[in-house]
Amino acid sequence: MTCEPTDIEEMLRTLAREDVRPRPAFIVQLTERLIAAMAERPRLLGWHLALAGAVTLLLLAVIGWVLTPRVPQWATLIVENGVAQVSWQRPLYFRWSRSGVTSVPVGPPFPLAQGDRVALPEESAGVVVFQDGSRLRLSGETVIVLEEVDMPGLAIRVRAEAGEITADVPPLPGRLAFEVKTPAATVGVRGTVFRARIVAADHLYSATDEGATRVTLLDPAQGYPSVEVPTGYEVDAVIGQPLKVRPQSPLVDHLALNGTTVEAESVLASNRPALTIFGKTNAGPGYAVLLSGDTLLDRVPIAPEEEFRLRFHAPAEGEYTLCIAVEAPDGTRSPCTSFLYRYDTTPPPVIRLLEPTAPEVCGETVTLRGETEPGATVRLNGEPIPVDPTGAFATRWTLQPGENPMILEACDRAGNCTRLEFVLTRQ
Amino acid sequence: MIAVFPTRVFRFWRGILAFASDILYRESQRATPAEQDLMRRLAQRDPDAAAELVRQYAEMVYRFVYHQVGGIVEDAEDLTQETFLAALQSAHRFRGDSRLRTWLFRIAAHKIADHWRSRRRRPPELPLEDWHPTVGEDTPSLPFLEETELRDRVRAALLTLPPHYRTALVLRYVEDMPVAEMARVMHRSPKSVESILIRAKQMLRQTLRGTDDL
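No experiment lies behind these values; they were computed from the predicted model shown. (Residues numbered from 1 in each chain as written. Chains lettered and ligands numbered in written order. Predicted model: local features only at pLDDT ≥ 70, side-chain atom pairs only at ≥ 80, totals over all residues.)

Peer 1: Help me understand the overall build of chain B, please; the structure alone is not making it clear to me.
Peer 2: Along the backbone of chain B there are ten helices and zero strands. Secondary structure elements in chain B, listed N-terminal to C-terminal, are α-α-α-α-α-α-α-α-α-α. Pairs at least 24 residues apart make up 67% of the contacts formed inside chain B by residues separated by at least 6 positions. (Helix = DSSP H or I, 4+ residues; strand = E, 2+ residues; numbered from the N terminus. Contact = placed C-beta atoms within 7 Å.)

Peer 1: Honestly, the overall build of chain A in this entry has me stumped. Any pointers?
Peer 2: The number of helices and strands found in chain A is three helices and 34 strands. Counting the 427 residues in chain A, one finds 26% classified as buried. Taking all contacts inside chain A whose residues are at least 6 apart in sequence as the whole, residues at least 24 apart take part in 50%. (Buried ≥ 20, exposed ≤ 12 C-beta atoms within 10 Å, placed from the backbone.)

Peer 1: Help me out: how do you make sense of the sheet that holds strand β26 (residues 337-343) of chain A in this one?
Peer 2: Either a parallel or an antiparallel arrangement is found when strands of a sheet pair, and the pairing is made through backbone hydrogen bonds. Residues and elements named next belong to chain A. Strand order in the open sheet formed by five strands is β20-β26-β25-β22-β23, and the pairing between neighbours is mixed. The open sheet is flanked by β20 (267-270) and β23 (295-301), the only strands paired with a single partner. Looking at each pair of strands side by side, their axes are set apart by 25° on average, direction ignored. (Pairing = 2+ DSSP bridges. Axes fitted to C-alpha atoms, helices over the stretch in contact; angles between N-to-C directions.)

Peer 1: How do you make sense of the pairing of strand β1 (residues 75-81) of chain A when you look at a structure like this?
Peer 2: Residues and elements named next belong to chain A. As defined by bridge partners, β1 adjoins strand β6 (residues 125-130) across six bridges and the pair is classed as antiparallel. Of the residues in β6, the one forming a bridge with Ile78 is Val127. Sheet topology places β1 next to strand β4 (residues 110-112); three bridges connect them, and they run antiparallel. For Ala75, the partnering residue across the bridge sits in β4 and is Leu112.

Peer 1: Is there a simple way to think about helix α9 (residues 179-186) of chain B in this case?
Peer 2: Side chains of residues three or four places apart in an α-helix project in the same direction, reflecting 3.6 residues per turn. Residue and element names in this part refer to chain B. Among the residues of α9, those classed as buried are Glu181, Met182, Arg184 and Val185. In an axial view of α9, the angular spread of the buried residues amounts to 155°, which keeps them on one side of the axis. Two residues or fewer after α9 comes His187, characterised by a positive phi angle close to 60°. (Arc of directions from axis to C-beta.)

Peer 1: How do you make sense of helix α4 (residues 73-89) of chain B when you look at a structure like this?
Peer 2: Spanning 17 residues, α4 of chain B covers 24 Å between terminal C-alpha atoms, matching the ideal 24 Å at 1.5 Å per step. For α4 of chain B, every residue scored as buried is listed here: Ala76, Glu77, Leu79, Thr80, Gln81, Thr83, Phe84, Ala87 and Leu88 of chain B. (Expected span 1.5 Å × (residues − 1).)

Peer 1: Would you take a moment to explain the confidence of the model for chain B for this structure?
Peer 2: Atom-level detail of predicted coordinates should not be read off regions where pLDDT is low. Residues and elements named next belong to chain B. Considering every residue of chain B, the mean pLDDT works out to 78; 79% of them sit at 70 or more. Averaged pLDDT values over the elements of chain B bottom out at 39 in helix α6 (residues 128-131) and peak at 92 in α4. In the predicted structure, residues 121-144 sits below a pLDDT of 50 and forms 29 contacts with residues beyond four places in sequence or in another chain. Interface scoring of the predicted complex returns ipTM 0.76; its pTM is 0.45. (pLDDT = per-residue confidence, 0-100.)

Peer 1: Would you take a moment to explain the sheet that holds strand β19 (residues 260-263) of chain A for this structure?
Peer 2: Residue and element names in this part refer to chain A. Read from one edge to the other, the open sheet built from four strands follows the order β19-β18-β21-β24, with strand pairing classed as antiparallel. Edge positions in the open sheet fall to β19 and β24 (307-313), since each of these has one partner strand only. Between one strand and the next, the sheet's axes are offset by a mean angle of 30°, whatever the strand orientation. By the bridge criterion, five bridges tie strand β18 (residues 251-257) to strand β21 (residues 274-280) in an arrangement that is antiparallel. Bridging across to β21, His254 finds its partner in Phe278.

As structure tokens, this is what we get:
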């Protein structure tokens, strides 16, 4: 057998021995380019101008900020991730600076006033906390306008232009109202936790997690219909379509495979055909159903503690897209909570060992390199070794003098294993 | 006191010698009168000076750049040209504190760093099989690599290193530059350059071996 050169300095010096020269035409071109550059007028130092401009703008901004009359604080914005843009419309002394935009990074709460517009770019998140303690959690790409506040009446109205918000409103006394208005509908509450997502200009999705909300469709053609959305239910308010309330998708809590509990994942592989699904819903009484395509596989009543258990038995090896849904007493069905179940009893193909290439090796340590089924885990003499997503693995192993029995074992995600036994002899 | 005295004397003279050798080294690293004259003429926009600069240093700078851009001729030529244009723009600022070669390499190193950073280029991901040729059942052993193949592997592995590691390795082992001069090119202390070289070699070795833990 042979060994590769390992002296890294010697390997680098192979580059020095390479005959690297620029093309003669390039030398001519470079000379001409330099001479041409000499003939050009010296460029104006752009960065000097940019710096001067920036300093001027900074000074103007400072003057504007100093001269800005303080407006009553209406809410605060806490940026949790990324940067938020707040467009503000506050009275200023100078007509040309009556509005502005400021970037609010992660940090201390930023005061907001009525009329402020908060925009969160992608991968940002933030919370608007109102004086009464109610909160609006804003996801990335969300835009809201703090439209109206009636502090004596304690009414808060927010206009949402895009994105997704989750409102957490404590129970409101007296005349207090909390309303989120979108182009398609309004969601009004007197104390609840709800989520609202603007799917399109004419489409609002709203889900109630606690309490109840009233969703009003802003559709004059239908006479502004409204509907109450109880806990665990959701609604798609679309202009031109009737309001239909349905249960929210259930939560799959965990799974059991022949008595072994496993975490719920979007893709699950196993070499066992029987599967039990444990889930939860807060939609109240009704049924939990298990479907594969249009085929109903199981249907069980939801327990009073809002939990359910569904059973599935794979008839043959293969992939099954399973849908778990909640059915209300009136037959309305929630959207699916889906996952892929792969029933697989076939072990990985034979492990292919690429290195070492002979059973006799020199040196105290040996590098073992090979490949197996993508996604498989590999153990060498019982020790797990790193495998990349393509199934390629590599590790270094210390050898004893003489013969070293080795056992390589590859197991796929379904738990099927293949073993490769061989002996390495240290010379 | 008597025992301490010779040690103090020794330390004193050792310090004096180190100081003197440092001054001598710095003087030896200053630009020669010819180099200063060339840069003065370049600052005065003398076309002959431009031609002379290219004739004397283009090949050296090109080679330095070539090994750091994975041997891509187009990139090496672009960066060499950018280096010389930047040298022309800054010719009036050349004070002669370092050799002209050192000064040009420093500009080139900046250009190479900008090349990777501003264009958000990342070296290509190299799959495991690129490093280790697949060996079939009828191939009994892995032969020694040809020098050209070894060179290609080293060049590709260099691309996976951080730019300042790559610069350090090329300066030291390809350009055969002393550490003190490298420190001037890389704007770092000689100690820092030495530790960069050690880490760069470790990382290159790991890359050539294919995994981090080897």
